[in-house]
Amino acid sequence: MSDTPFQRPDWQPTPANRDLLAAMRRRTTEHLQAVLARVFARADDWLFDLAKKDGAPDGSPYLHAMRSLRTSRAPIERGFREHLDEAFSALDNQGRPAAVHVEGSQELTLVEVSELEEHLAANLTAEAVMRIHGTQLDELAARLSRMCGVAQLDPAINPVSAISLAGYIRGAHKDVDMPADVRMVLFKYYERELIHDLRDLVTDINGRLAAAGFHPPAAQKPAARPQQQAPMQAPPMSQDGYAGAASDYGSGSQQAASAAAPEDRAIYDALFQLLHAWRPDHQAGGAGSPGAGAGASDQRPMAAPEMMSVLSLMQGSVPASVTEAIRRPDASLAVLLKNELLQSASRIGLPSDKVSISPDDEDAVDLVGMLFDVMFDERDFEEGSRTLISRLVVPFVKAAVMDRRLFLYKTHPARRLLNSLAEACEGNRGEGPQERELLQKAENTVDRLISEFNEDIAIFETLEQELRAFLDQHRRRVELAERRAAEAQRGQERLEQARDLAAKELDQRTRGLKPTPAMEEFLSRSWTHHLSMIALREGPESGSWQAALILADQLLALVPRKGETGKAITPAMQALREPIETVLASSGITGESATDMVRAMADSLELMALGLTPPPVVASGLENVVSMPDRRAANVAADLKPRLEVVGGTDNLNVSDDDVELMRALKVGTWIHIAGEDGKHHPVKLSWVSPISSRLMFVNRRGVRVLVASVEELAAMKQEGNLLVREQENVFDQVLHRVMGKLKTDLA
């Protein structure tokens, strides 16, 4: 960009120039009003679809948002048109600036959070428009500068600059009452529609200005696109010949876009070195190889437009090669896909036996084919999800052919989209409405990618942002389910701890004694339950705890020792009647049932005092007392039982100390894979570590508890091969490393 400072024009337009400006204003107004109409239509459809899925037609917040959107449409469209008219009038009237622009006042003031978000959204819209249409907009600015007689026109005066367009949008929203989330959705649609439709308008205006004789200086004419670099090199600084993606992985500058992390660049270089070393021995003579076959000398590599045309024709449906690769795990998707690519060349009038795939394009096809081979083989996709993921093969080949930085930058939009789609689909069996809604969103995302991806990588970013926003909402629901599961597990462990404490107190008091069957039944069930509830609610230091212990001591004191006679059982039991009934009441035993229980204990003590054997206990209401749940049943979810059954106690487990330390080092949020009854390894997340038992609770992708185990039990599962700990990377990175591993293995 030139270092010439921005200037405001001070000119007297000729009648011809005024007519030209008027024509530009009419054309711009007509085009941008149509853009706004599409924005509101798409936003309205989106909110309506969400309202239908919400299932609450009268009280749905999406319906309220849709009403607000429709009410706001007229004032926003009117405000946008007014700001656009003011901008053209300012240029016509010797450059007096329009009233509203993105820069705003230079005075420092405190602003509301919503205003700040709106300001940032407008800036992001301007940046996105410049990323895609910057060359044409710069040419337009140079032509307008010539018309106005200045070296470089201030973007604030240029009515069709990215800054001005974003400013009109922001100004149109001023004083319009609308929910903040709906406003942000509108800004995203503004960005998308401007990116999609601005090219025709700018081309038209440039053509009108060129016809009037206004040409940019020679130094500002767009430079010819450099040739693509050699396949072994990573994308160099800016002049790389790779398609620029509309994403934040370049942070809006070419220099930032090329600043890949050293370890990522090393992986990138090693990946292509392995691929080029592997290909001659493993695909020699294949149809996809350049120059393969008897007529190799007559073949020429398909040109880039030809390759893109063939891929575009194949994009609408799942190629037969992909279907066959899924059906035959031993088949190579890359080889099959290259064969089908060459066969499909005839659809655009090319003789299949006279063309080949260029080395650079073959790299892209091979790597994408290998990536999806690994995904189909190793990831946990249900049949429907597998079909959905298979539809991504051609769009990703197309993206890789256009922009090989897909394999370099972890933040590449296509790479992020694949990660988000895998997160939505992997392990998702559609068992609940939220899971089915997530699968539907993933399917809609793939549908839009298939229909809208031409040769603009920006669609990946747009779809990824929308899907990520949906996933964020889904994660919040899952986090709520996780909290509920953690609270349930915490409650269960507190109850278990309280009952263990009560059992310990009873064991200390009955050691060496032989209570009557009726008293033993009372103490082991009702009294233990009562003491457990006191431990949970009041604690073992409370007065109620001490009173319960005293009651047990007094009852056990009535048990005759060997050779002991003459105890006054009846008066003592009468004195203890009230505290005994209190204990029974905590277990739901009251009235006649409680009276019968007290009488049974008294009668059994009388018989024992006489040297007779008390009868066994008959049903007396104690069957109502809640028993301690079986820990083994509670710790393993029914839908994902590990192949190693988790049991209490770790004394008999023979495990490696290293594995125990590895399990102990797991952090909350870490994903591991455990083997289910189906023999497959399923992803589960460490959601909570018990402060009581130090056991680890794992949940599935729905936030449902699937496993609670100690570190020793987990180590035993690992040794049995029923637990895998993988690197904490996203799906694309994991699969890419597996591809490198397979290449190394084959070469070895």
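See the structure above.
Here the residue numbers are simple positions, counted from 1 along each chain's written sequence. For this predicted model, a pLDDT threshold of at least 70 governs which residues receive local features, and a threshold of 80 or more governs which side-chain atom pairs are given and counted, while totals over whole chains, interfaces and linings are taken from all residues. The basis for every side-chain value is the complete set of non-hydrogen atoms in the structure, without hydrogens or water.

Colleague: Would you mind showing me how to read the overall build of the chain here?
Modeller: Only DSSP runs of H or I reaching four residues or more are called helices, and only runs of E reaching two or more are called strands; each is numbered from the N terminus. Counting its secondary structure elements, the chain contains 24 helices and seven strands. For this analysis, residues touch if any pair of their heavy atoms sits within 4.5 Å. Restricting the contact set of the chain to residue pairs at least 6 apart, pairs at least 24 apart contribute 74%.

Colleague: Explanation requested: the environment of Leu605 in the structure shown.
Modeller: Examined against the element boundaries, Leu605 turns out to sit in helix H20 (residues 591–609). Those residues in contact with Leu605, other than ones at most four positions away along the chain, are Thr516, Met519, Leu558, Val559, Pro560, Ile569 and Met573.

Colleague: Would you mind showing me how to read the packing of aromatic side chains here?
Modeller: The description of an aromatic ring pair uses the distance of the two centres, along with the angle that the planes make with each other. Working definition: rings of Phe, Tyr and Trp (its six-membered ring) pair if their centres are within 6.5 Å, and the pair is stacked with planes under 30 degrees apart, edge-to-face with planes over 60 apart, and tilted otherwise. In this structure the tally under the stated criterion is eight aromatic pairs. On the basis of an interplanar angle of 55° and a centroid distance of 4.9 Å, the ring pair of Tyr268 and Phe272 is categorised as tilted. Of the two residues, Tyr268 and Phe272 both sit in helix H7 (residues 262–282), four residues apart, roughly one turn of that helix. For the ring pair Phe272 and Phe407, a centre distance of 6.3 Å and an interplane angle of 80° mean the geometry is edge-to-face.

Colleague: Even after reading the chapter, I still don't get helix H10 (residues 333–344), so can you show me in this structure?
Modeller: Owing to its 3.6 residues per turn, the α-helix brings residues three or four apart onto one side. The end-to-end C-alpha separation of H10 is 16 Å, in line with the 16 Å expected for twelve residues at 1.5 Å each. Relative accessibility under 20% of the residue-type maximum defines a buried residue, over 50% an exposed one, and the middle range a partly exposed one, all with a 1.4 Å probe and only protein chains included. By the criterion of burial, H10 is predominantly enclosed, with nine of the twelve residues buried. Those residues of H10 not exposed but buried are Leu333, Ala334, Leu336, Leu337, Lys338, Glu340, Leu341, Leu342 and Ser344. Next to the buried residues of H10 lie helix H8 (304–314), helix H9 (320–327), strand S2 (355–356), helix H11 (359–378) and helix H13 (393–402). Multiplying 1.5 Å by the residue count of a helix minus one yields the expected span of that helix.

Colleague: Would you mind going over the packing of helix H16 (residues 458–510) against helix H18 (residues 543–557) with me for this structure?
Modeller: A pair of packed helices is characterised by two quantities: the angle between their axes and the separation of those axes. Only the stretch in contact is used when a helix axis is fitted, and all axes are lines through C-alpha atoms; the angle between N-to-C directions ranges over 0 to 180 degrees. At their nearest, the axes of H16 and H18 sit 11 Å apart, and the two run at 30° to each other. In terms of orientation, H16 lies roughly parallel with respect to H18. Taken as a pair, H16 and H18 cross one another with a handedness that is right-handed. From H16, Leu501, Glu505, Arg509 and Thr510 reach across to H18, where they touch Trp545, Leu549, Ala552, Asp553 and Leu556. Roughly parallel means an angle under 35 degrees; roughly antiparallel, over 145; roughly perpendicular, 65 to 115; everything else is oblique. Left-handed is the label given to a crossing in which the near helix is rotated counterclockwise from the far helix by less than a right angle, and right-handed is the label when the rotation is clockwise.

Colleague: Please clarify how the pairing of strand S3 (residues 671–675) should be interpreted in this entry.
Modeller: Both faces of the sheet carry side chains from a regular strand, because those side chains alternate between them. Across the five residues of S3, four count as buried, placing the element largely inside the fold. Of the strand pairs in this sheet, S3 and strand S4 (residues 681–689) are connected by five bridges, and their pairing is antiparallel. Residue pairing across strands places His673 opposite Pro683, the latter belonging to S4. By definition, two strands form a pair when at least two bridges between them are found by DSSP. Where S3 folds back onto S4 in an antiparallel hairpin, the turn is made up of five residues, including Gly679, whose phi is positive at roughly 85°. Where S3 meets strand S7 (residues 723–724), two bridges bridge the pair, whose relative direction is antiparallel.

Colleague: Just to check I follow, could you spell out the sheet that holds S3 for this structure?
Modeller: Two pairing modes exist for strands in a sheet, parallel and antiparallel, and in both the strands are linked by backbone hydrogen bonds. The sheet built from five strands is open, its strands ordered S6-S5-S4-S3-S7 with antiparallel pairing. The open sheet has two free edges, formed respectively by strand S6 (705–709) and S7, since each of these has just one partner strand. Inspection of the sheet shows strand S5 (residues 696–699) paired to S6 by four bridges, in the antiparallel sense. Among the inter-strand pairings, Leu696 is bridged to a residue of S6, identified as Ala709.

Colleague: Whenever I open this one, the nonpolar core confuses me. Can you help?
Modeller: Most often, soluble globular proteins have nonpolar side chains that are buried together. Definition used in this section: a nonpolar core is a set of buried Ala, Val, Leu, Ile, Met, Phe, Trp, Tyr and Cys residues joined via side-chain atoms within 4.5 Å. Of all hydrophobic cores here, the largest spans 77 residues; its most connected members are Met302, Phe372, Leu392, Phe396, Phe407 and Phe460. Top contributing element to this core by residue count: H11, with ten residues. Apart from residues lying up to four places away in sequence, Met302 is in contact with Met307, Val310, Leu342, Ala345, Leu350, Val355, Ser356 and Ile357. Judged by nonpolar contacts, the second largest core, of 55 residues, contains Leu32, Leu91, Leu140 and Leu194.

Colleague: Even after reading the chapter, I still don't get the environment of Met597, so can you show me in this structure?
Modeller: Relative to the assigned elements, Met597 resides in helix H20. Spatially, the C-alpha atom of Met597 lies 8.1 Å from that of Phe522, the residues being 75 residues apart in sequence.

Colleague: I would appreciate a short explanation of the pattern of salt bridges in the present structure.
Modeller: Charged atoms that come close allow side chains of opposite charge to pair. Here, a salt bridge means any side-chain nitrogen of Lys or Arg that lies within 4 Å of a carboxyl oxygen of Asp or Glu. Tallied over the entire structure, the rule returns 42 salt bridges. Of the charged contacts in the structure, one is a salt bridge between Asp447 and Arg391, with a shortest N-O distance of 2.8 Å. Of this pair, Asp447 sits in helix H15 (residues 433–452) while Arg391 is found in the loop between helix H12 (383–390) and H13, placing the two residues 56 residues apart along the sequence. Take Asp447: its relative accessible area is 31%, and that puts it in the partly exposed class. On the accessibility criterion, Arg391 (24% relative accessible area) is partly exposed. For the salt bridge of Arg448 with Glu466, the shortest nitrogen-to-oxygen distance reads 2.9 Å. Linking Arg448 in helix H15 with Glu466 in helix H16, this pair joins segments that are 18 residues apart in sequence. Through salt bridges with shared partners, a single network forms among Arg279, Lys338, Glu362, Asp363 and Asp366.

Colleague: Explain the side chain of Glu191 to me, please; I cannot follow it from the model alone.
Modeller: Relative to the elements of secondary structure, Glu191 occurs in helix H5 (residues 180–211). In this structure Glu191 comes out as buried when scored by relative accessible area, which is 10%. Once residues lying within four places of it in the same chain are set aside, the contact partners of Glu191 are Leu124, Thr125 and Ala128.

Colleague: Please clarify how the pairing of S4 should be interpreted in this entry.
Modeller: Burial analysis of S4 places seven of its nine residues in the buried class, the great majority of the element. Judged from the four bridges that link them, S4 and S5 form a sheet pairing that is antiparallel. Residue pairing for S5: Lys685 is matched across the bridge by Val699. A loop of six residues connects S4 with S5, the two strands running antiparallel in sequence, and Ser694 in this loop sits at a positive phi of about 65°.

Colleague: How do you make sense of the environment of Leu367 when you look at a structure like this?
Modeller: Structurally, Leu367 is set in helix H11. As for Leu367 and Ala400, which are separated by 33 residues in sequence, their C-alpha atoms are 8.8 Å apart. Contact partners of Leu367, with chain neighbours within four places excluded, come to Leu271, Phe272, Leu275 and Phe407.

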